[in-house]
Amino acid sequence: MLSVNGVSRSFGGVYAVREVSLDIAEGEVRGIIGPNGAGKSTLFNLITGHLLADQGTISFRSTPVDRLPPHRRARLGISIVFQGARVFRGMTVRENVMVGAHTRTRTGFAAAALRLPRHRRDEREIARRADEALARVGLGAWADRQAGLLPLGQQRSMQVARALCAEPRLLLLDEPASGLRAGEREALAVLIEELRAAGLTIMLVEHDVTFVTRLADRVTVLDLGRVISEGTPGEIRADPLVVSAYLGDAS
Ligand SMILES: Nc1ncnc2c1ncn2[C@@H]1O[C@H](COP(=O)(O)OP(=O)(O)OP(=O)(O)O)[C@@H](O)[C@H]1O
């Protein structure tokens, strides 16, 4: 489904991602792990188009996407929940989710600003889609509440709903479990399992290796921008290169 071939990106002469190649199969949950600064978020930004690669190619469902801007890739079915994604605390949960849905409608900014009939129709359609996404993540009853009142775990689910509004085929989650308590982590893991069961392909960056290995079919390990290992969770845990990258990070 997603094919990343020899992709590199450097900042000020230092490689953040270096000659990375990976293939994600349809329906797979892929974990991406690695020490701080390994290049995980940069890799995600290269896949979504928020950063462009210096070298290499990326194709999604056999379409080359590496020169496309983020909204075009979103329309093809690539969605991301950014690390620390913003919550508009004073807005309702539904409104927060609707912010993510505008990529799928035809109404331009001008039509929205002028409140043309097409815009109003689109707004209703977006609200409907937001409610559907909220129901999928178990927040149907919270749609009219103020987002700032949600516990952190449910704010994360709300952000997942926002990404689902774009009707993705591939969902990228950048550290979705960070800062969550054990019960909230469990709820998030169950949600990710449900999304996979519904046919979504998922890439998951996470520091909590236990969380990743529980969910992922395969895990890719990055260190200093390179792929140092890839395999099933069991294979990764037994790989001396992975162990030393993590010990190196801790020392
Ligand atoms: N916009 C940028 N400008 C300059 N350097 C950057 C930029 N983005 C990332 N880097 C550098 O690239 C390297 C990889 O960073 P990246 O955030 O991708 O790592 P990461 O694995 O996601 O780290 P973390 O686990 O801490 O989030 C780091 O050395 C970082 O300082």
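Along each chain, the written sequence defines residue order, and numbers are assigned to residues from 1. Reporting in this predicted model follows two pLDDT cut-offs: at least 70 for local features of residues, and 80 or more for side-chain atom pairs to be given and counted; totals over whole chains, interfaces and linings ignore these cut-offs and use all residues.

Under an unreviewed UniProt entry, the protein has the name ABC transporter ATP-binding protein and belongs to Sphaerisporangium flaviroseum.

Visitor: Would you take a moment to explain the overall build of the protein for this structure?
Guide: Here a strand is any run of E in DSSP of at least two residues, a helix any run of H or I of at least four, and the numbering for each starts at the N terminus. Looking only at helices and strands, the protein has 10 helices and 10 strands in total. Each residue is classed by its C-beta neighbour count within 10 Å, where at least 20 other C-beta atoms makes it buried, 12 or fewer makes it exposed, and intermediate counts make it partly exposed; the C-beta atoms are placed from backbone geometry. For the protein, the residues scored as buried account for 39% of the 251 residues in total. Here the analysis covers contacts within the protein between residues at least 6 apart in sequence; of these, 67% occur between residues at least 24 apart. Our contact criterion uses C-beta atoms placed from the backbone: two residues qualify when those atoms are within 7 Å.

Visitor: In this structure, what is going on with helix H1 (residues 40-48)? I would like to understand it.
Guide: Two residues of an α-helix separated by three or four positions point the same way, owing to the 3.6 residues in each turn. In terms of burial, H1 is a largely internal element, eight of the nine residues being buried. Buried within H1 are the following residues: Lys40, Thr42, Leu43, Phe44, Asn45, Leu46, Ile47 and Thr48.

Visitor: Is there a simple way to think about the sheet that holds strand E7 (residues 170-174) in this case?
Guide: Strands are treated as partners if at least two bridges between them are detected by DSSP. Read across the sheet, six strands follow the order E6-E7-E8-E3-E9-E10 without closing on themselves; strand pairing throughout is mixed. Each edge of the sheet is formed by a strand with only one pairing partner; in this case those strands are strand E6 (78-81) and strand E10 (226-231). Going across the sheet, the axis of each strand differs from the next one's by a mean of 20°, ignoring polarity. Taken together, the five bridges between strand E9 (residues 218-223) and E10 define a ladder with antiparallel strand orientation. By the bridge assignment, Asp223 is partnered in E10 with Arg226. Think of each axis as a best-fit line through the C-alpha atoms, taken over the contacting stretch in the case of a helix, with angles from 0 to 180 degrees between the N-to-C directions.

Visitor: Help me understand the nonpolar core in this model?
Guide: The nonpolar side chains of a soluble globular protein tend to be buried with one another. Linking buried Ala, Val, Leu, Ile, Met, Phe, Trp, Tyr and Cys residues through C-beta atoms within 7 Å yields a set, and such a set is a nonpolar core. Counting 65 residues, the largest nonpolar core has Val97, Leu134, Ala161, Ile202 and Leu204 as the members making the most contacts within it. In terms of residues, this core owes the most to one element, helix H6 (residues 152-164), which gives five residues. Excluding anything up to four places from it in sequence, Ala161 contacts Val97, Ala133, Leu134, Arg136, Val137 and Leu139.

Visitor: Can you walk me through the sheet that holds strand E4 (residues 55-60) in this structure?
Guide: Note: strands within a sheet are paired through backbone hydrogen bonds, in either parallel or antiparallel orientation. Pairing within the open sheet is antiparallel, and its four strands lie in the order E2-E1-E4-E5. Two strands lie at the open edges of the sheet, namely strand E2 (14-24) and strand E5 (63-64), each paired on one side alone. Relative to E4, strand E1 (residues 2-11) runs antiparallel, the two sharing five bridges. Bridge pairing links Ser3 to Ser59 in E4. Packing of H1 onto the sheet brings it into contact with E1, E2 and E4, and relative to E2 it is tilted by some 60°.

Visitor: Mind showing me how you'd approach the site of the ligand here?
Guide: Nearness is defined per residue: the C-beta atom, placed using the backbone, must lie within 6 Å of the molecule or strand. Around the ligand sit Phe11, Ala16, Gly34, Asn36, Gly37, Ala38, Gly39, Lys40, Ser41 and Thr42, and those are all the residues in its vicinity. If you tally residues by element for the shell around the ligand, the top one is H1, at three residues.

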